[in-house]
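# Residue-level structural notes
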Amino acid sequence: MAGYDQADLTKVIIRTKAGSIVAAAGCGKTEQIALAIKYIAANESSNSLRPLILTHTHAGVDVLRQRLRKHSVPGPAYQLDTIASWCLRYATAYPVTSGFPNQEPKDAEWSLVYQAALRLIQSGAVDRVLQSSYGLVLVDEYQDCDPHQHELFVALKERLPVCIFGDPLQSIFDFNDVVAWETQVLPVFPEVGRLTRPWRWENAQKEGHGNWLARVRDDLENGRKLDFSINTDCFEWIWLPDQDGPKGAKISEVCRDRKDLDGRLVIIGNSSSENVRAGIAKKLGNQHFSVIEPIGCITLFTQAIALDKVKDGKRLIAVMTFLSKCMTGIGEKAPFTKTPFMKAVNSKRKGGKAGRTRFGTLIDIGDQVDQADGENLLLDLVLGFRDRHDTRCFRRELLSAMISALRAVRVGEAASLQEAVASVRARSRHLGRVIPRRCVGSTLLVKGLEFEHAVIVEYPGMTKEDWYVALTRATHSVTVLSSSKWVTPV
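Residues numbered from 1 in each chain as written. Predicted model: local features only at pLDDT ≥ 70, side-chain atom pairs only at ≥ 80, totals over all residues. Heavy atoms only, no water.

### Examining the sheet that holds strand β6 (residues 191–195)
With respect to topology, six strands assemble into an open sheet ordered β3-β2-β4-β5-β1-β6, the strand pairing being parallel. In the strand order of this sheet, the two ends are held by β3 (79–82) and β6, each with one partner. Between one strand and the next, the sheet's axes are offset by a mean angle of 20°, whatever the strand orientation. When strand β2 (residues 52–55) meets strand β4 (residues 137–139), the two strands line up parallel, connected through three bridges. Note that in β4 the partner of Leu54 across the bridge is Val139. Across the sheet, helix α2 (residues 29–43) lies against β1 (18–23), β2, β4, β5 (162–166) and β6, angled at about 160° from β5, the strand it touches most. Sitting on the sheet, helix α3 (residues 58–70) touches β2 and β3, and the angle it makes with β3 is about 160°. (Pairing = 2+ DSSP bridges. Helix = DSSP H or I, 4+ residues; strand = E, 2+ residues; numbered from the N terminus. Axes fitted to C-alpha atoms, helices over the stretch in contact; angles between N-to-C directions. Contact = heavy atoms within 4.5 Å.)

### Some points on the packing of α2 against α3
Running from N to C, α2 and α3 cross one another at 50°; their axes reach a closest spacing of 9 Å. Classified by the angle their axes make, α2 and α3 are oblique. Judged by the twist between their axes, the crossing of α2 over α3 is right-handed. Taking contact as the criterion, the partners of Thr30, Glu31, Ile33, Ala34 and Ile37 in α2 are, on α3, Val63, Leu64, Arg67, Leu68 and Lys70. (Parallel < 35°, antiparallel > 145°, perpendicular 65-115°, else oblique. Left-handed = near helix turned anticlockwise from the far one by under 90°.)

### Some remarks on the nonpolar core
One finds Ile13, Phe228, Ile456, Trp467, Leu471 and Val480 to be the most contacted residues of the largest nonpolar core, which totals 56 residues. For this core, the element with the highest residue contribution is α2, accounting for five residues. Look past the residues within four positions of Ile13 in its chain and what remains in contact with it is Ile21, Gln32, Ala36, Leu136, Leu138, Cys163 and Phe165. Core analysis: the next-biggest nonpolar cluster, separate from the first, contains 43 residues, Leu307, Met327, Val345 and Leu398 among them. (Core = buried A, V, L, I, M, F, W, Y, C linked by side-chain atoms within 4.5 Å. Buried < 20%, exposed > 50% of the residue type's maximum accessible area, 1.4 Å probe, protein only.)

### Remarks on unusual backbone geometry
One non-glycine residue with positive phi stands out, namely Glu141, at about 55°. Checked against the element boundaries, Glu141 lands in the loop between β4 and α8 (147–156). The residue Gln205 is not glycine, and still its phi comes out positive at about 60°.

### Considering the packing of helix α15 (residues 315–324) against helix α16 (residues 340–349)
α16 packs onto α15 with a crossing angle of 165° between their chain directions and a minimal axis gap of 12 Å. By the angle between their directions, the pair α15 and α16 is classed as roughly antiparallel. Where α15 crosses over α16, the two elements pack in a sense that is right-handed. Each of Leu316, Ile317 and Met320 in α15 lies in contact with α16, whose residues at this interface are Phe341, Met342, Val345 and Arg349. A per-class count over the contact of α15 with α16 returns six nonpolar, no polar and one charged. (Nonpolar A, V, L, I, M, F, W, Y, C, P; charged D, E, K, R; others polar.)

### Some words on the pairing of β2
The side-chain alternation of β2 yields two buried faces, one formed by Leu52 and Leu54 and the other by Ile53 and Thr55. Note: β2 against β3, four bridges, orientation parallel. Its bridge partner being in β3, Ile53 is matched across the sheet by Leu80. Between the parallel pair β2 and β3, the chain is carried across by α3, and the sense of this crossover is right-handed. (Right-handed = clockwise from strand over helix to strand, strands pointing away.)

### Looking at α15
The element α15 is extensively covered by neighbouring structure, given that nine of its ten residues are classed as buried. Within α15 the residues assigned to the buried category are Arg315, Leu316, Ala318, Val319, Met320, Thr321, Phe322, Leu323 and Ser324.

### As for the pattern of salt bridges
When charged atoms on two side chains of opposite charge get close, those side chains can pair. Overall, the coordinates contain 35 salt bridges when judged by the stated rule. Note that Glu293 and Arg395 form a salt bridge whose closest N and O atoms lie 2.7 Å from each other. A residue pair is termed long-range when its members are at least 10 positions apart, and Glu293 in the loop between β10 (290–291) and α14 (298–309) and Arg395 in the loop between β12 (392–393) and α20 (396–410) qualify at 102 residues. (Salt bridge = Lys/Arg side-chain N within 4 Å of Asp/Glu carboxyl O.)

### A short note on the packing of aromatic side chains
By the definition in use, this model includes nine aromatic pairs. Consider the rings of Phe341 and Phe385, whose centres lie 4.9 Å apart with planes at 85°: the pair is edge-to-face. With a gap of 44 residues between them, Phe341 in helix α16 and Phe385 in helix α19 (residues 378–386) connect regions that are remote in the sequence. Across the pair, exposure class does not vary: Phe341 and Phe385 are buried alike. Put simply, the rings of Trp212, Phe228, Phe235 and Trp467 pair up and form one aromatic cluster. Note that Arg197 overlies the ring of Trp199, its terminal NZ or CZ placed 4.1 Å from the centroid. (Phe/Tyr/Trp six-rings, centres within 6.5 Å; stacked < 30°, edge-to-face > 60°. Lys NZ or Arg CZ within 6 Å of the ring centre and 35° of its normal.)

### As for the side chain of Gln32
Within the secondary structure, Gln32 is located in helix α2. Classification of Gln32 by relative accessible area gives buried; the value is 0%. Not counting the four nearest positions on each side in its chain, Gln32 is found in contact with Gln6, Leu9, Thr10, Ile13, Phe165 and Leu195.

### Remarks on the confidence of the model for the chain
Per-residue pLDDT for the chain has a mean of 92; in total, 96% of the residues score no lower than 70. Looking over the chain, one finds the lowest element-wise mean pLDDT in helix α21 (residues 417–431), namely 84, and the highest in β4, namely 98. (pLDDT = per-residue confidence, 0-100.)

Right under this line is the structure:
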């Protein structure tokens, strides 16, 4: 289906009773949603009902709200929320009908929230409430919906006009059993338009690169190999060795060469391994690269559990193990008994003064950490190493989350470090996160983000969706490191 210009597509959206807009990456989806809401607010009759805009994340809500403010759309003209929050609000407002009275669901309970909201809508009990509250529903990033969310919107379209926005080539959340676009979405939300103009690259005066990405998209959609044989002013292919040692050296070399480029630089690596991505960042610690952490960061939670359980006498080794996963300058291998700092602590315990000039009072803190009630000094030790001139943090988000959790435990806001960490990460999910200027992430973590430059490191199992998301993150330059110039996505 051919693309529309924005004015025409706005009219299509307003007339749609149940339809979908396919939005290629960087082709103005957020702008289109904002323009549609602006048109409704400015042109519909005074008694028309406001649109409801739903998306998956709080970060997505923030992006949409900022764009609406840019267009001076007044807040009362629309309702904007996450799918989860909207469902929870309705389910708990009618707990008898929905069967869900819990206002603070956790983890797996969220799937029950969607089922409860579906039960409520299908009952017909809130039909008049919905129809007197909203004129239409716009759903963003629909390719990330799971079957429970999809059922909800199928039920909602029987009560209200629903227009969804998504892109099957950006569907990378397959572990959540996302809805199948061709067989589940299109039969109930037929395609009514496409966004294909590469605004992201036109605005960066890189229109040629935007057109190149359009051809890449065509190759991916039609099952053809990716052809990286021709370098351009925005794209470069570099051979990546198979062996781990030479591979790591090549990645570091390429990233160091690009570290001083103007703008933000992201390295997109293995989606399935925190440790692999952390290893890349560690080798680039002196160049101030840092890892983008997943919300459910395995390392953070496992280290919090370990520090909660550790007994007196072994607490120092446990915290040094954690620090070694965040920064250089700690020691290369656990249990760190032969590192300069541990030697200094052991010297103090024997009445010696080794390492006093280098580590100062950190030696005393380290010694006390292993004693009774030493958990109260964990924060001081972590802060002490964070602020040293001879350490470099390559997992700043991980370290910051642990520091916040340690503070929460110290002041009594949480009963355990594990509980505090869960609270910190939940806040991060709601408030959004600061992305470092030089960072290492995965397609899952950088989806929806924009950078000036990207280095993509091929890894086993990369799907066509992984490749598309990775290749469309940067506006000015993309570098692909792979074993061949011709790549067949999984």
